[in-house]
Amino acid sequence: MTNQIIQLGVVGCGWAGCQAINAANATSRLNVIAIAERDSTRREQAGNDYAVPHRYVEYSELLDDSAVDAVYLATSPDGRLQQVLDTLNAGKHVLVQKPHAIRAPEILEMETASQQSGKTLQFCYFMRHFPNNRQIRRAIQNGAIGDPFHARVFGKYNFIPTLDANSRWLHVYGQKGGSLGQHYSHELNLTWWWMGCPKPEWAFASKHVLYPQYDGPEGAAEDYFTGLLGCEGKKTIQIDCSRMSHSDSGSVVELYGTTGAITNGGISRFKDGEFVREPIDESIEIDHGELPEDVPVFYYELNHFAMAIAGEVAPDVSSENAYTFMQILDALYDSAKSGEKVYI
């Protein structure tokens, strides 16, 4: 499909879905022609805001639209597997919003369906696509901080969603909608990717449910999560995250190596008794062409998806990477629930 504008359908018109519509329409490769959303208010708002011509209630109606080449799934993970399988079976490429699934084996089912359909399957983690984050990864690969051995993520979102039909999954423990899965899995994935995606070996974690709004059998989603991930080569990642905190301390996303560290988007070193900062001067391996004046937050990810469909780049996040990372999330959630160290 090189040099052909890809007609995109978006399923789910919450925040992520609307961001995807905006980003896709800002590229020269994608054009959003259809949306599917059961909530009539959200459906009409998104359709009017972005002048989308075809508006459906059910995603199956969107899949029946022969003009749609590819689909962005911005839906909750509890129904994600069937939607991915249906989309691929309908002969359409698919980009899957995170959390990608409820459990890791579902990713393998998606990949099998992708292979059988011959269609592109890509998984979301938009921070990987920011040019500065790709430059950081290349610098690390080229030895800029020596051997990376530990990453630290600390952050807080400070928002608890209301409990309704659209947000139920955000309140159910294990559906990846709490402080880790919904919010700071982005930074966890980013630092793991910076490290080179080392094979995970074990996880040990704990959770705190401070403001529960759900009392079903699975238990309420975590409001605070702390965990340690161990990977091959004795590499570790520490994460502390919350969706409601009364502390005003700043967020931290850092990666430590034997000769330097990644802090605040650059390289930090301790030399001659003081810390010095060095800029990262690495080329970008993916040319996104002429950029819009205002680059939407999902722009690079959506443009990469279009390039993957055209066969110019490999999907990123790939199925293999998505499966391994979901194993990491599963292990952290299982450990926090059981109070025991979990081996992957």
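All figures in this text were calculated on a predicted structure; none of them were measured in a lab.

Student: Could you give me a rundown of the layout of surface pockets, with the residues and numbers involved?
Tutor: Here the largest pocket is characterised by a volume of approximately 1400 Å³. In this structure, the largest pocket is lined by 43 residues; those nearest its centre are Gly14, Ala74, Thr75, Asn166 and Trp169. Elements supplying a minimum of two residues to the lining of the largest pocket: helix H1 (15-26), helix H4 (80-89) and helix H7 (179-194). Sorting elements by how many residues they give to the lining of the largest pocket places H7 first, with five residues. A breakdown of the residues in the lining of the largest pocket according to their chemical character gives 18 nonpolar, 15 polar and 10 charged.

Student: Account for the pairing of strand S5 (residues 93-96), with residues named and values stated.
Tutor: Of the two faces of S5, the one holding His93 and Leu95 and the one holding Val94 and Val96 are both buried throughout. What joins strand S4 (residues 70-73) to S5 is H4, and the crossover it makes is right-handed. Relative to strand S6 (residues 121-123), S5 runs parallel, the two sharing three bridges. Counterpart to Val94 in the pairing with S6 is Leu121.

Student: Describe the environment of Pro292, with residues and values.
Tutor: Along the chain, the position of Pro292 falls in the loop between strand S14 (274-278) and helix H8 (299-309). Under the relative-accessibility criterion, Pro292 is labelled partly exposed at 22%. Taking the C-alpha atoms as reference, Pro292 lies 10.0 Å from Ala23; in sequence the two are 269 residues apart.

Student: Just give me the short version of the sheet that holds strand S13 (residues 266-271), but keep the residues and values in it.
Tutor: Taking strand neighbours across the sheet as the criterion, the nine strands line up as S14-S13-S12-S11-S7-S10-S9-S8-S15 in an open arrangement whose pairing is mixed. Edge strands, defined here as strands with exactly one partner in the open sheet, are S14 and strand S15 (342-343). In the packing of helix H9 (residues 319-338) onto the sheet, contacts are made with strand S8 (200-208), strand S9 (224-231) and S15, and the angle to S8 comes to roughly 45°.

Student: I'd like a rundown of the packing of aromatic side chains, residues and numbers included.
Tutor: If you walk through the whole model with that rule in mind, you get 10 aromatic pairs. Considering the side-chain rings of Phe225 and Tyr333, the 5.5 Å spacing of their centres and the 45° angle between planes classify their relative orientation as tilted. With Phe225 in strand S9 and Tyr333 in helix H9, this pair connects stretches of sequence that are 108 residues apart. Across this residue pair, the class does not change: Phe225 and Tyr333 are buried. Above the ring of Tyr173, the side-chain terminus of Lys207 is found at 4.9 Å from the ring centroid.

Student: How would you summarise the pattern of salt bridges if you had to cite specific residues and measurements?
Tutor: Overall, the coordinates contain 15 salt bridges when judged by the stated rule. Salt-bridge contacts for Arg55 lead to Glu44; the nearest nitrogen and oxygen are separated by 3.0 Å. Taken as a pair, Arg55 in strand S3 (residues 54-56) and Glu44 in helix H2 (residues 40-49) lie far apart in primary sequence, 11 residues in all. Close ionic contact of Lys235 with Asp147 constitutes a salt bridge, the shortest N to O distance being 2.8 Å. Here the residue Lys235 occupies a position in strand S10 (residues 235-242), and Asp147 occupies one in the loop between helix H6 (131-141) and strand S7 (148-156), the gap between them amounting to 88 residues. Accessibility expressed as a relative area gives 12% for Lys235, which makes it buried. By relative accessible area, Asp147 is classed as partly exposed at 41%. Salt bridges linked by common partners bring Arg103, Lys176, Asp330 and Asp334 together as one network.

Student: How would you sum up the pairing of S10? Please name residues and give values.
Tutor: For S10, a buried count of seven out of eight residues is recorded, marking the element as mostly surrounded by other parts of the structure. Pairing analysis gives seven bridges linking S7 to S10, with the strands arranged parallel. Bridge pairing in S10 links Arg152 to Gln238. Sheet analysis places S9 next to S10, joined by eight bridges and oriented antiparallel. By the bridge assignment, Cys231 is partnered in S10 with Lys235.

Student: Describe the sheet that holds strand S1 (residues 6-11), with residues and values.
Tutor: Neighbouring strands of a sheet are bound in pairs by backbone hydrogen bonds; such pairs are parallel or else antiparallel. Strand order in the open sheet formed by six strands is S3-S2-S1-S4-S5-S6, and the pairing between neighbours is parallel. Among the strands making up the open sheet, the edge pair consists of S3 and S6. For this sheet, the mean angle separating the axes of adjacent strands, direction not counted, is 25°. Against the sheet, H2 contacts strand S2 (30-36) and S3, and its axis sits at roughly 170° relative to S3.

Basis of the calculations
- Residues numbered from 1 in each chain as written.
- Predicted model: local features only at pLDDT ≥ 70, side-chain atom pairs only at ≥ 80, totals over all residues.
- Heavy atoms only, no water.
- 1 Å grid on protein atoms, 1.4 Å probe; cavity = no way out; pocket = protein on both sides within 12 Å on 5 of 7 lines; lining within 4 Å.
- Points joined across faces, edges and corners; volume = space filled by probe spheres on them.
- Helix = DSSP H or I, 4+ residues; strand = E, 2+ residues; numbered from the N terminus.
- Nonpolar A, V, L, I, M, F, W, Y, C, P; charged D, E, K, R; others polar.
- Buried < 20%, exposed > 50% of the residue type's maximum accessible area, 1.4 Å probe, protein only.
- Right-handed = clockwise from strand over helix to strand, strands pointing away.
- Pairing = 2+ DSSP bridges.
- Contact = heavy atoms within 4.5 Å.
- Axes fitted to C-alpha atoms, helices over the stretch in contact; angles between N-to-C directions.
- Phe/Tyr/Trp six-rings, centres within 6.5 Å; stacked < 30°, edge-to-face > 60°.
- Lys NZ or Arg CZ within 6 Å of the ring centre and 35° of its normal.
- Salt bridge = Lys/Arg side-chain N within 4 Å of Asp/Glu carboxyl O.

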